[in-house]
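Examination of the molecular architecture
The lines below spell out each chain.
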Amino acid sequence: MAFEISSPAFSQGGSIPVQYTCDGDDLSPPLQWSGVPAGTRSLALIVDDPDAPDPAAPRMTWVHWVLYSLPPDGSGLPESVAPVDLPSGTQQGVNDWKRTGYGGPCPPIGRHRYFFKLYALDGVLPADGPLTKAQLLQAMQGHVLDEAELMGSYQRP
């Protein structure tokens, strides 16, 4: 079985509903995964937007959510997951708003793409956090067994 991440709220390449954005309630969307590879000791999730600030002239990748040390035996996260409801041992990293937790799509111009990247790791990362995306990617080097990706898009009304 292939390692996959999906959401019942939007399809691969589809529009992210407004309730998961700054124009709505800014809730984290429900996520589901399957096919976690054998030997996985933890999972990491990074949600980012490579189209910032303008898809016609992107200058940076904006980080919306960083989670790591998720247990591999889970099958997803519910909508609007609160920090206290994250699976035991899960660590929250720092997003580009300089805070932990989910920050939904809020593009200043145009339709942006949002990538939900799930990594299967052969170990559990140290709890020296909260880590930024760059720090997490560095800590994961040499430990990624597989990765899965879900992409959704959003344009403000």
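Just above sits the structure.
Residues numbered from 1 in each chain as written. Predicted model: local features only at pLDDT ≥ 70, side-chain atom pairs only at ≥ 80, totals over all residues. Heavy atoms only, no water.

1. Topic: the overall build of the protein
As a reminder of what qualifies: Only runs of H or I of at least four residues qualify as helices and only runs of E of at least two qualify as strands under DSSP, and these elements are numbered from the N terminus. C-alpha atoms define the radius of gyration, and 2.2 Å times the number of residues to the power 0.38 defines the globule rule. A 1.4 Å probe rolled over the protein chains alone gives each residue an accessible area, and that area as a share of the maximum for its type sets the label: buried under 20%, exposed over 50%, partly exposed in between. Residue contacts are defined here by distance: any two heavy atoms, one from each residue, within 4.5 Å place the two residues in contact. Per-residue and other accessible areas follow the Shrake-Rupley method at a 1.4 Å probe size, with only the shown protein chains counted as cover for residues. We treat Lys and Arg as the positive residues and Asp and Glu as the negative residues; His and chain ends play no part in the count. Every charge is mapped onto a representative atom, which is NZ of Lys, CZ of Arg, CG of Asp or CD of Glu.
A count of helical and extended segments in the protein gives 1 helix and 8 strands. Traced from its N-terminal end to its C-terminal end, the protein shows the element sequence β-β-β-β-β-β-β-α-β. Compactness check: the protein gives a C-alpha radius of gyration of 15 Å against a globular reference of 15 Å for 157 residues, within 12% of the reference. Dimensions of the protein along its principal axes, counting C-alpha atoms only, are 45 × 30 × 30 Å. Looking at the protein as a whole, 43% of its 157 residues are labelled buried. In the protein, the share of contacts with a sequence separation of at least 24, taken over all contacts with a separation of at least 6, comes to 74%. For the protein, the computed accessible surface area is about 7500 Å², with 50% contributed by carbon and sulfur atoms. Averaged over its 9 positive side-chain charges, the protein has a centre that lies 7 Å from the centre of its 17 negative ones.

2. Observations concerning the state of the cysteines
To keep it simple, the criterion reads: For the purposes of this analysis, a disulfide is any pair of cysteine sulfur atoms at a distance within 2.5 Å.
Summed over the entire model, instances satisfying the criterion amount to 1 disulfide. Residue pairing for Cys22: its cysteine sulfur links by disulfide to Cys106, the two sulfurs lying 2.1 Å apart. When the S-S torsion is 80°, as for the bridge of Cys22 with Cys106, the disulfide is right-handed. Of this pair, Cys22 sits in the loop between strand S1 (4-6) and strand S2 (31-34) while Cys106 sits in the loop between strand S6 (91-92) and strand S7 (112-121), and the two are 84 residues apart along the sequence. Judged by its relative accessible area of 32%, Cys106 is partly exposed.

3. Considerations on the side chain of Asp49
So the rule is basically this: By definition here, a salt bridge exists when the distance from a side-chain nitrogen of Lys or Arg to a carboxyl oxygen of Asp or Glu is within 4 Å. Under this definition, polar contacts are N or O atom pairs within 3.5 Å; protein pairs additionally need one hydrogen-donor-capable and one acceptor-capable atom, and for neighbouring residues in sequence, both atoms have to be side-chain atoms.
Mapped onto the secondary structure, Asp49 falls in strand S3 (residues 42-52). Buried and unpaired, Asp49 has no salt bridge, with Arg113 as the nearest side chain of opposite charge at 6.5 Å. Side-chain polar atoms of Asp49 contact the backbone nitrogen of Asp51, separated by 2.7 Å. Here Asp49 is in contact with Met60, Thr61, Trp62, His64, His112, Arg113 and Tyr114, once residues within four sequence places are set aside.

4. As for helix H1 (residues 133-140)
Here is the rule: What the arc covers is the set of directions going from the helix axis to the C-beta atoms.
Looking at H1, one finds that the buried residues are Lys133, Leu136 and Met140. For H1, the arc enclosing every buried residue in end-on projection is 65°, short of the 170-degree limit, so these residues lie on one face. The outward face of H1, more than 90 degrees from its buried face, is lined by the exposed residues Ala134 and Gln138. For H1, the elements touching its buried residues are S3, strand S4 (60-70), S7 and strand S8 (144-154).

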